[in-house]
Amino acid sequence: YIHKVMSKTTDYFAKVTGGSYTKVFAPDRQNSFYVVASDLSRYHVNELSRGTIDQLYVSLRLAISDIMSKKYRIPFIIDDAFIHFDGVRTKRMMELLHDISGSRQMIVFTCKKEIANLAPPSQTIQLELVREKEVLSAKQ
């Protein structure tokens, strides 16, 4: 499955980065993950920015989920994975998740209104923060 996973990871990562990165390579005995930029420069994962590493990680998770769950469609859950994304890449990731949601359930937890606002309102559930004091007051 590794070739299929890396191919799908490359597709997702290229989309999220707007084509800044064109290929993702799996680790081997000598190297960790590395990526190829659009100018053909190679970067090991530790040379990337924190946000780009997170984008690669989410792309990899999406690819693994996609390839490994062909038979059983299980929900994909993300919990505030976009903390280090800039606005443009956050929007691209949300568009990608929306595209994938046509074939699988996507659950995204976030405390950032900017991210929640990128999701279609009909597909958004806002959870209210309940503080301990409020719970205790309600019980009395």
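Quick note: structure is the one above.
Now for a look at the structure at hand. Along each chain, residue indices are assigned from 1 in the same order as the chain's sequence is written. Totals for whole chains, interfaces and linings use every residue, but because this is a predicted model, local features are given only for residues with pLDDT of at least 70 and side-chain atom pairs only at 80 or more, for both listing and counting. With hydrogens and water stripped out, all remaining heavy atoms of the structure feed into the side-chain values.

Structural notes on the pairing of strand β4 (residues 76-79)
Logical step 1: Side chains Phe 76 and Ile 78 of β4 all project onto a buried face; the interleaved residues Ile 77 and Asp 79 project onto a face where none is buried.
Logical step 2: If the strands point away from the viewer and the path from the first strand over the helix to the second runs clockwise, then the crossover is right-handed. Secondary structure elements follow DSSP: runs of H or I of four or more residues count as helices, runs of E of two or more count as strands, with numbering from the N terminus. The handedness of the β4 to strand β5 (residues 106-109) crossover, carried by helix α3 (residues 87-100), is right-handed. When accessible area is computed with a 1.4 Å probe and restricted to protein chains, residues below 20% of their type maximum are described as buried, those above 50% as exposed, and intermediate ones as partly exposed.

Some points on the environment of Ile 53
Logical step 1: Examined against the element boundaries, Ile 53 turns out to sit in helix α2 (residues 50-68).
Logical step 2: Since its relative accessible area comes to 22%, Ile 53 is described here as partly exposed.
Logical step 3: Along the chain, Ile 53 and His 84 lie 31 residues apart, while their C-alpha atoms are 9.1 Å from each other.
Logical step 4: Apart from residues lying up to four places away in sequence, Ile 53 is in contact with Val 45 and Leu 48. Here a residue-residue contact requires only that any non-hydrogen atoms of the pair lie within 4.5 Å.

Comments concerning the packing of aromatic side chains
Logical step 1: Each aromatic pair joins two rings of Phe, Tyr and Trp (for Trp, the six-membered one) with centres within 6.5 Å, and gets the label stacked for planes under 30 degrees apart, edge-to-face for over 60, and tilted for any other angle. All told, the structure shown has four aromatic pairs when counted by the stated rule.
Logical step 2: Seen from their ring centres, Phe 25 and Tyr 34 are 4.7 Å apart, and the 15 degrees between their planes marks the pair as stacked.
Logical step 3: Classification of Phe 25 as partly exposed rests on a relative accessible area of 27%.
Logical step 4: Here the aromatic rings of Phe 82 and Phe 85 are separated by 5.1 Å at their centres, their planes lie at 40 degrees, and the arrangement is tilted. The exposure classification of Phe 82 matches that of Phe 85, with both residues buried.
Logical step 5: Put simply, the rings of Phe 13, Tyr 21 and Tyr 43 pair up and form one aromatic cluster.
Logical step 6: Definition used: whenever NZ (Lys) or CZ (Arg) falls within 6 Å of the ring centre and also within 35 degrees of the ring normal, the charge is taken to sit over that ring. Just above the ring of Phe 25 sits the side chain of Arg 42; from NZ or CZ to the centre is 5.7 Å.

Digging into the pattern of salt bridges
When the charged atoms of two side chains with opposite charge come close together, those side chains can pair.
Logical step 1: Here, a salt bridge means any side-chain nitrogen of Lys or Arg that lies within 4 Å of a carboxyl oxygen of Asp or Glu. Under the defined criterion, the tally for this structure stands at four salt bridges.
Logical step 2: One salt bridge connects Lys 15 with Asp 99, and the closest N-O pair in it is separated by 2.9 Å. Highlighted residues: Lys 15 in helix α1 (residues 2-16) and Asp 99 in helix α3, separated in sequence by 84 residues.

Thoughts on the nonpolar core
Logical step 1: Counting residues in hydrophobic clusters, the biggest one holds 29 residues, and the most contacted among them are Leu 62, Phe 82, Met 93 and Leu 97.
Logical step 2: For this core, the secondary-structure elements that each account for two or more residues are α1, β1 (21-25), β2 (34-37), α2, β4 and α3.
Logical step 3: The leading source of residues in this core is α2, at six residues.
Logical step 4: Sequence-distant contacts of Phe 82, defined by excluding residues within four places in its chain, comprise Thr 90, Met 93, Met 94, Leu 97, Val 108, Lys 112 and Ile 115. We define a nonpolar core as any set of buried Ala, Val, Leu, Ile, Met, Phe, Trp, Tyr and Cys residues linked to one another through side-chain atoms lying within 4.5 Å.

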